[in-house]
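Chain residues, written in single-letter form:
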Amino acid sequence: MINKTNWDWETGTKVVVDSLNCPLLYVWREENQVSPDGEKIASIINTGDYRFSVCENLQNWDQNFEKVWGLQYGPDGRLTALVMQDDLWTVCVDGKTWDQRFDYVWDTKFSRNGNAVAIAIQSEMRYGMAINDQVWPNLFINANHFTISPSGSDSCAVIQTRAMEQADVFSFQKGSYSVAVNGQAWPVELVNIWTPVFHPEKKSVAAQCRTSLYDYSIIVDGQVWPKSFSSIWRPSFNPVNSSLLAPAREGKQWVVVQDGEVVLRPGFFQMWNLCHSPNGRHWAAIVAPEFGKWTVAVDGKPWKIRFKTLVYDLTFGPVGEKAAATGKNRDQWHIAVDGQIWDNSFDMAWQPVFSDDEQHAAAKVEKNGKYHIIINNKAYPMEFDQVCDPVFSPDSRKILIRGITGHRFIRIVDTV
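Computed from a predicted model, the values in this text were never measured in an experiment. (Residues numbered from 1 in each chain as written. Predicted model: local features only at pLDDT ≥ 70, side-chain atom pairs only at ≥ 80, totals over all residues. Heavy atoms only, no water.)

**Section: the overall build of the chain**
Note the cut-off: Only DSSP runs of H or I covering at least 4 residues are called helices, and only runs of E covering at least 2 are called strands; the numbering of each starts at the N terminus. Each radius of gyration reported is based on C-alpha atoms, and the globular scaling rule is 2.2 Å times the count of residues to the power 0.38. A 1.4 Å probe rolled over the protein chains alone gives each residue an accessible area, and that area as a share of the maximum for its type sets the label: buried under 20%, exposed over 50%, partly exposed in between. We call two residues contacting when some pair of their heavy atoms lies within 4.5 Å. In short, Shrake-Rupley with a 1.4 Å probe defines the accessible areas, and a residue's cover is counted only from the protein chains shown. None of His or the chain ends enter the tally, which takes Lys and Arg as positive and Asp and Glu as negative. Where a charge sits is defined by one atom per residue type, namely NZ (Lys), CZ (Arg), CG (Asp) or CD (Glu).
Within the chain, the secondary structure is distributed over one helix and 44 strands. What you see for the chain is a C-alpha radius of gyration of 23 Å, in line with the 22 Å of a compact globule of 416 residues. A principal-axis box enclosing the C-alpha atoms of the chain has dimensions of 60 × 55 × 35 Å. Going through the 416 residues of the chain one by one, you find that 51% of them count as buried. Taking contacts inside the chain between residues at least 6 apart in sequence as the whole, the part at least 24 apart equals 37%. Entry remark: accessible area of the chain is about 19700 Å², with carbon and sulfur atoms responsible for 47%. Looking at charge distribution, the chain has the averaged site of its 40 positive side-chain charges lying 7 Å from that of its 47 negative ones.

Given below as structure tokens:
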């Protein structure tokens, strides 16, 4: 989790950068990235032919590169970028590059506290991962669904175990996919594997899988559940008792399966994005209790509200007793918290965030080309050309808003 205790929580407005439009520093620049505490703003810049760097608070990194992309701040406030020099790629953190070099890198991921930085790598047509400049001991002919554990001590990916010719359906049906954890492959080969997930506190990994062309199940630490289903979605570990839940299709309905056994009937027309609360007491999922009508179900009980188009960005609060999501009716987005739809609709809405005590909720939204922050169902009295997701203070009494108005980047701390 982000450590917010050392941030500046004094109420007021601070102009961090007065003018982001400074052409003397670059030929052109890309999209802005903002640090979690709102004290820094950075962007990739072009300083000439095949010369790229990063500008942070109007100060350029000392180094120039042939290419730079994937710029982003980690949870601990460090600025990372994927950079190329002499046709080889690596990671640059706060202006300092890793020692390892690769043919290509992508998909930067961070541990929960930001101490670990992981990337997907390709080297001599082999694929794998690197964490904090340390490369997996084994690379593979293909890999995807790269994942890092919350602690950052482990990583995994879905791998292809042997080569196949194009249209080789017979080898495909025999199974040639597995999961590699820290570069070590599970001793199993399946038709397909998707979306591996780590236990929040342990090394265990689970994923949805296909054992034949028509049978779907869950694989946990290399062991496939004995029961199969006609379809299945990403599983979720309970952080407290380590039980594993997954939405699965049984007949014409979607049910909840726990550790291989169905625990919720009757089911829904559709169900996905199942997740557990941080305290392990609840689970929630996006569901369709009626055909074409979407909502959220908590512990199997659907909210009374319905959306006609979709529900997205489901999340629990830090305590685990409140849930929120965004919902869409035709071309308008809404915010829903604990089964109540907030008053206004928007052209776009992002995942709501809760205060640490779950007494407040806020979200970033877009309306008529301008961005706003909605706090407890009320719009903050200021609009932005760009704005980041809001952040609540550790004592839940204040909120941090990071936004751009004109060419100024400002951070606002206000009470809630």
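We are not done yet, so read on.
**Quick notes on the environment of Val16**
Structurally, the position occupied by Val16 is in strand 1 (residues 12-17). Those residues in contact with Val16 that lie beyond four places of it in its chain are Gly38, Glu39, Lys40, Asn57, Phe409, Ile410 and Arg411.

**Concerning the sheet that holds strand 35 (residues 340-341)**
Selection criterion: What makes two strands pair is DSSP finding at least two bridges between them.
Overall, antiparallel pairing links the four strands, which are arranged 32-33-34-35 in an open sheet. Each having just a single partner strand, strand 32 (310-316) and strand 35 make up the two edges of the open sheet. Alignment of strand 33 (residues 323-329) against strand 34 (residues 332-337), held across six bridges, turns out to be antiparallel. Its bridge partner being in strand 34, Asn329 is matched across the sheet by Gln332.

**Some details on the pairing of strand 21 (residues 216-220)**
Summarising burial for strand 21: five of the five residues are buried, a large majority. Summarising the sheet, strand 20 (residues 205-210) and strand 21 pair through five bridges and their orientation is antiparallel. Looking at the pairing, Cys209 lines up with Ser217 of strand 21. The hairpin formed by strand 20 and strand 21 contains five residues between the paired strands. Note: strand 21 against strand 22 (residues 223-224), two bridges, orientation antiparallel. In the strand pairing of strand 22, Ile219 is matched with Val224. Counting the residues in the hairpin turn of strand 21 and strand 22 gives two residues, including Asp221, whose phi is positive at 50°.

**Considerations on the packing of aromatic side chains**
This is how the line gets drawn: Geometry of aromatic contacts follows a simple scheme: Phe, Tyr and Trp rings, the Trp one being its six-membered ring, pair when their centres are within 6.5 Å, and the pair is stacked under 30 degrees between planes, edge-to-face over 60, tilted otherwise. Charge over a ring is defined by NZ of Lys or CZ of Arg lying within 6 Å of the ring centre and within 35 degrees of the ring normal.
In the structure shown here, the tally under the stated rule is 14 aromatic pairs. Where Tyr104 meets Trp106, the ring centres are 5.9 Å apart and the plane angle is 25°; that geometry is what we call stacked. A relative accessible area of 33% means that Tyr104 is categorised as partly exposed. Ring pairing ties together the aromatic residues Trp69, Trp89, Tyr104, Trp106, Tyr127 and Phe146, which thus form one cluster. Between the NZ or CZ atom of Lys364 and the centre of the ring of Trp350, over which it lies, the distance is 4.3 Å.

**As for the pattern of salt bridges**
Worth spelling out the cut-off: In what follows, salt bridge is the name for a side-chain nitrogen of Lys or Arg lying within 4 Å of a carboxyl oxygen of Asp or Glu.
Inspection of every chain in the model, using the stated rule, returns 13 salt bridges. Between Arg112 and Glu201 there is a salt bridge whose closest N-O contact spans 3.8 Å. Of this pair, Arg112 sits in the loop between strand 11 (104-110) and strand 12 (117-123) while Glu201 sits in the loop between strand 19 (192-198) and strand 20; the two residues are 89 residues apart in sequence, bridging distant segments of the chain. Through salt bridges with shared partners, one network takes in Asp8, Lys14, Glu39 and Arg411.

**Things to note about the environment of Arg249**
To keep things clear, this is the line we draw: As used in this structure description, the phrase polar contact means that two N or O atoms lie within 3.5 Å; if the pair is within protein, one of them must be able to donate a hydrogen and the other to accept it, and residues adjacent in sequence are counted only when both atoms belong to side chains.
With respect to the helices and strands, the residue Arg249 is situated in strand 25 (residues 244-250). When the C-alpha atoms of Arg249 and Glu30 are compared, they prove to be 44 Å apart, with 219 residues separating the residues in sequence. Beyond its immediate chain neighbours, meaning those up to four positions away, Arg249 contacts Phe229, Ser230, Ser231 and Trp254. In this structure the side chain of Arg249 is engaged in a polar contact, spanning 3.2 Å, whose partner is the backbone oxygen of Gly251.

**Re the sheet that holds strand 14 (residues 134-135)**
Spatially, 11-12-13-14 is the arrangement adopted by the four strands of the open sheet, whose pairing is antiparallel. Taken across any chain shown, the strands that pair with only one partner, and hence form the sheet edges, are strand 11 and strand 14. Summarising the sheet, strand 11 and strand 12 pair through five bridges and their orientation is antiparallel. Its bridge partner lying in strand 12, Tyr104 is registered against Gln122.

Function-wise, these values are silent; they only describe arrangement.
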